[in-house]
Amino acid sequence: MKVKIFTFGCKVNQAESSGLQQLLEAQGAALAERIEDADLLIVNSCAVTDESVRKAKQLLRSIKRKNPDALLALTGCWPQAFPDDDFCGADYVTGTKDRAAMLEWIFACMKNRPDTQETCITPYKSASDEFSVLPCADTTKTRAFLKIQDGCNQFCSYCIIPFSRGRCRSMPKERLAQEVRNLAAQGFREIVLTGINLGFYGIDTGHDLADAVELCAAESEILRVRLGSLEPERMTPDVLGRLAACKKFCPQFHLSLQSGSDKILKAMNRRYTAAEYAALAEEIHRLFPNAALTTDVIVGFPSEGEAEYQETVEFVKKIGFAKVHVFPYSQRAGTKAAAMPDQIPQPVKMQRSADLTRIANDLRRAHLAGYVGQTLEVLVEGKKRQNAQTFFQGHTQDGTLVKIFSENAEKGLRNSVVCVTIESYEDDCCVGRPLRNQSIYGG
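Let me begin by describing the structure that accompanies this report. (Residues numbered from 1 in each chain as written. Predicted model: local features only at pLDDT ≥ 70, side-chain atom pairs only at ≥ 80, totals over all residues. Heavy atoms only, no water.)

1. Considerations on the overall build of the protein
In terms of regular secondary structure, the protein is built from 12 helices and 18 strands. A compact globule built from 443 residues should have a C-alpha radius of gyration of about 22 Å, and the protein, at 22 Å, falls within 12% of that. Referenced to the eigenvectors of the C-alpha coordinate spread, the extents of the protein come out at roughly 65 × 60 × 50 Å. Here the protein holds 443 residues, and 54% of them are scored as buried. (Helix = DSSP H or I, 4+ residues; strand = E, 2+ residues; numbered from the N terminus. Rg over C-alpha atoms; globule rule 2.2 N^0.38 Å. Buried < 20%, exposed > 50% of the residue type's maximum accessible area, 1.4 Å probe, protein only.)

2. A short note on helix α2 (residues 50-66)
Since there are 3.6 residues in each turn of an α-helix, residues three or four apart along the chain are aligned in direction. Between its first and last C-alpha, α2 extends 24 Å over 17 residues, near the 24 Å set by a 1.5 Å rise per residue. Those residues of α2 lying buried are S52, V53, A56, K57, L59, L60, S62 and I63. Those residues of α2 that are buried are in contact with β1 (2-7), β3 (40-45), β4 (71-76) and α3 (77-81). (Expected span 1.5 Å × (residues − 1). Contact = heavy atoms within 4.5 Å.)

3. What to know about helix α12 (residues 346-369)
A rise of 1.5 Å per residue sets the reference length of α12, with its 24 residues, at 34 Å; its end C-alpha atoms lie 34 Å apart and thus fit the reference within 8%. K349, R352, S353, L356, I359, A360, L363, R364, H367 and L368 are the residues of α12 that are buried.

4. A closer look at the packing of aromatic side chains
Counted by the stated rule, this structure contains 12 aromatic pairs. Three or more aromatic residues joined by ring pairs form one cluster here, namely Y272, Y277, F315 and F321. Above the ring of F6, the side-chain terminus of K4 is found at 5.3 Å from the ring centroid. The ring of F200 is capped by R234, whose NZ or CZ atom sits 5.7 Å from the centre of that ring. (Phe/Tyr/Trp six-rings, centres within 6.5 Å; stacked < 30°, edge-to-face > 60°. Lys NZ or Arg CZ within 6 Å of the ring centre and 35° of its normal.)

Shown next, in the form of structure tokens:
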């Protein structure tokens, strides 16, 4: 059987799709390059915005049109959050909870094609729901994305995720230790810990995020431990202090802001003020002088007037983020914010998004320019060719993408940490050359 998987949404979805792929390959499935070549197509969906669902529906219809004889499975946050929606003729539909049942269906399909469509969407019940473990490694990459947390208890007024992922659940430490050993044995040098609300790892098991980082760092073959997207809550002085004491920890903090206005933060049901966020940013920079602080911002949230928007603009400038992802607010059916009064007109949202994006781009370029002349450690992830140029690329400890040009380093750089002198920068990356051709740690 030939399989092709399409993934929408966050790093957690990407990690889960990778896990599904590995399980299928272990059962003898081969990967198809094109829709037309596949016997089975899987769409792993996102439900964060109406647009993400629209794109998933568009893809499902396209698959049906291009390859009507193939089996089509739909999974992910969309069907979990909206189980009564139209799923565009998918042969099998499941949410985020029943992946094991989907795999059983797929394995059965490898032997006999089913005659009828099937839906298996089980609602989440409580925090007692178990954490679902899927393989996390992707052998085509040098960094392993390991999902250690799922679900969210926060119920931000704009967000559907608690309905599509359930309550906070954590990977048990014993299983985490096993996964880390497996990743090290496979040759991975860096682990990126991910989760739906990663900072809440361990809230259900009596642990915290620093415990997970320390466990990963204890494996000698692992050189780096990095965190995915975080919420400000639970980033306590104790957790930050322990992270700072861990030499393998990468000082990259993607700390979601969403707004610099206390009025809008309260309307969003965020659990911090702008001043508390600023204090946390200051503490991070004190403990991690070379940290990169990145964030997400939503503009045009209901009742956001010009004054509130300008508060956000000034706050973003004050913090001096290394990178800002700017999103115009999108109404999401099933959330409190969708029914709020004082919805902002779409042209205003788009103008604010464009203006703040320009400011964010200026901050990004200033951040990258600061690296010129420095020598940084880069984990090389592979070779690329772009605009008739061939180069290696990888990431620094703080998550900056670096293009590496070298005439004498054609072999052996992948999965190695190399000292690179930064010579220039582009829109979203730095450019440099190896200080020497030997790696600090060979792959």
